[in-house]
Amino acid sequence: MPELVVVGAGGFGREVLDVVDAIGPDSWQVVGVVDDGPTEKNLELLARRDVAYLGTLESLLAQRDAGSVTASHYVVGIGSPAVRRAVAERLDAAGLQPATLVHPTVTTGFDVTVGPGSVVCAGVRLTTNIRLGRHVHLNLNTTVGHDTVIGDYVSANPLASISGDCVLEDEVLVGVAGVVLNGLTVGRGSVVGGSACVVKDVPPGVVVKGIPAR
Ligand SMILES: CC(C)(COP(=O)(O)OP(=O)(O)OC[C@H]1O[C@@H](n2cnc3c(N)ncnc32)[C@H](O)[C@@H]1OP(=O)(O)O)[C@@H](O)C(=O)NCCC(=O)NCCS
């Protein structure tokens, strides 16, 4: 069974542990969680579920070099797309493999591809002919419609609704319950606020909010 390290002891990192638990005990062996600055509370919550804290990212890599940690795979449980990219690039360079985690309650239609490192949480609905890039996070109950392309390091928070024929470029974040109407593109690195409704293309690098989102 491959050994897995989860990066991030915060709320989403621990929700990723729930996804691993739901996938079942025969798929992954969680060796522990890495975090560069865990709070006391998060360390306590990890201990309560009997998951080891392995130290910082750099100390994980030192432990791997020394042979005391042998994990082959990692997943980044950090919501920020930019931080997730930086962590993933560091671990890829060190030779770890990204794990792809799909909760068993997720439904997918015909021809859906999920990129390495992605985490698809409970209740997500992916219809047909959909592409998810690397290290995408689709949080609880997100829906994605037909023919939509989601780039690398995109985060969709709970209840986000991405319609058909949309493009979410790399590092887009869609806030909780954000809606993107069909056929629209959200440009690289842009943020769609919680409960916003995107009704026209969003350029790269901006924050939009409200209904209609602007
Ligand atoms: C939109 C968002 C990215 C912040 O954008 P921001 O421009 O930095 O917002 P600020 O906090 O500085 O607030 C600026 C104004 O926008 C308003 N605002 C903030 N978020 C808003 C939202 N989602 N919808 C509508 N208005 C919003 C604020 O009330 C404030 O209004 P005011 O100037 O009249 O007082 C953020 O509020 C958001 O919605 N993030 C998503 C969070 C999320 O998904 N959380 C769930 C995690 S699982």
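Just so we're clear, the structure is a prediction, and the values are computed from it rather than from any experiment.

Asks: Looking at this model, I keep getting lost on the overall build of the chain. Mind explaining?
Replies: Helix and strand content of the chain: four helices and 23 strands. Radius of gyration (C-alpha) of the chain: 17 Å, near the 17 Å computed for a compact globule of 214 residues. Taking the principal axes of the C-alpha coordinates as reference, the chain spans close to 50 × 35 × 30 Å. Each of the 214 residues in the chain was classed as buried or not, and the buried ones make up 47%. Here the contacts in the chain between residues at least 6 apart in sequence split such that 31% fall between residues at least 24 apart.

Asks: Sorry if this is basic, but what is going on with the sheet that holds strand β15 (residues 155-156) here?
Replies: Pairing between the strands of a sheet comes from backbone hydrogen bonds, and it takes one of two forms, parallel or antiparallel. If you walk across this open sheet you meet the seven strands as β6-β9-β12-β15-β18-β21-β23, and the pairing is parallel. Single-partner strands in this sheet number two, and they are β6 (101-102) and β23 (207-208). Strand direction decides the pairing type here: strand β12 (residues 137-138) and β15, joined by two bridges, are parallel. Paired with Leu 138 across the bridge in β15 is Ala 156.

Asks: I tried to follow the site of the ligand on my own but got confused; where do I start?
Replies: In the region of the ligand, the neighbouring residues are Asn 157, Pro 158, Gly 175, Val 176, Val 191, Gly 193, Gly 194, Val 207 and Lys 209. Between the ligand and Lys 209, the relevant distance is 2.7 Å, taken from an oxygen atom to a side-chain nitrogen or oxygen of the residue. Notes on the ligand: free accessible area 900 Å², of which the protein chains cover 34%. Classifying every residue of the shell around the ligand gives four nonpolar, four polar and one charged.

Asks: Looking at this structure, I do not really get the pattern of salt bridges. What am I missing?
Replies: Enumeration according to the criterion identifies ten salt bridges in this entry. The closest approach of N and O atoms between Asp 170 and Arg 85, which form a salt bridge, is 3.9 Å. Taken together, the positions of Asp 170 in the loop between β17 (167-168) and β18 (173-174) and Arg 85 in helix α4 (residues 81-93) put the pair 85 residues apart, joining distant regions of the chain. The class of Asp 170 is partly exposed, set by a relative accessible area of 22%. Salt bridges here are not isolated pairs; linked through shared partners, they connect Arg 85, Glu 89, Asp 170, Glu 171 and Arg 188.

Asks: Just to check I follow, could you spell out helix α2 (residues 40-48) for this structure?
Replies: An α-helix turns once every 3.6 residues. As a result, residues three or four positions apart point the same way. Those residues of α2 not exposed but buried are Asn 42, Leu 45 and Leu 46. When α2 is viewed along its axis, its buried side chains cluster within an angular range of 100° and face the same direction. Set apart from the buried face of α2 by more than 90 degrees, the exposed residues are Glu 40, Lys 41, Ala 47 and Arg 48. Buried residues belonging to α2 abut α1 (11-23), β2 (29-34) and β3 (53-55). Directly beyond the C-terminal end of α2, a positive phi value near 65° is found at Asp 50.

Asks: Explanation requested: the state of the cysteines in the structure shown.
Replies: Cysteine pairs can be linked by a disulfide, which is a covalent bond between their two sulfur atoms. Within the structure shown, the criterion is met by zero disulfides. With no disulfide partner, Cys 197 has as its closest neighbouring cysteine sulfur the one in Cys 166, 10 Å distant. Using a relative accessible area of 15% as the deciding quantity, one classes Cys 197 as buried.

Asks: I'm lost on the environment of Gln 97 in this one. Help?
Replies: Structurally, the position occupied by Gln 97 is in strand β5 (residues 97-98). Under the relative-accessibility criterion, Gln 97 is labelled partly exposed at 42%. Distance in space between the C-alpha atoms of Gln 97 and Arg 125 is 26 Å, their sequence separation being 28 residues. Beyond its immediate stretch of four places on either side in the chain, Gln 97 contacts Ser 72, His 73 and Tyr 74.

Asks: What am I meant to see in the sheet that holds β5 here?
Replies: With parallel pairing, five strands are arranged side by side in an open sheet as β3-β2-β1-β4-β5. The open sheet has two free edges, formed respectively by β3 and β5, since each of these has just one partner strand. In terms of strand pairing, strand β1 (residues 3-7) meets β2 through five bridges, oriented parallel. Note on β2: the bridge partner recorded for Val 5 is Gly 32. Relative to β1, α1 is tilted by about 155°, and along the sheet it contacts β1, β2 and β4 (73-76). Packed onto the sheet, α4 meets β1, β4 and β5 and runs at close to 170° relative to β4.

Here is what the cut-offs are and how they apply
- Residues numbered from 1 in each chain as written.
- Predicted model: local features only at pLDDT ≥ 70, side-chain atom pairs only at ≥ 80, totals over all residues.
- Heavy atoms only, no water.
- Helix = DSSP H or I, 4+ residues; strand = E, 2+ residues; numbered from the N terminus.
- Rg over C-alpha atoms; globule rule 2.2 N^0.38 Å.
- Buried < 20%, exposed > 50% of the residue type's maximum accessible area, 1.4 Å probe, protein only.
- Contact = heavy atoms within 4.5 Å.
- Pairing = 2+ DSSP bridges.
- Near = heavy atom within 4 Å.
- Polar contact = N/O pair within 3.5 Å; in protein donor to acceptor, adjacent residues only side chain to side chain.
- Areas by Shrake-Rupley, 256 points an atom, 1.4 Å probe, with all protein chains shown as cover.
- Nonpolar A, V, L, I, M, F, W, Y, C, P; charged D, E, K, R; others polar.
- Salt bridge = Lys/Arg side-chain N within 4 Å of Asp/Glu carboxyl O.
- Arc of directions from axis to C-beta.
- Disulfide = S-S within 2.5 Å.
- Axes fitted to C-alpha atoms, helices over the stretch in contact; angles between N-to-C directions.

Any functional reading would require information that these geometric values do not contain.
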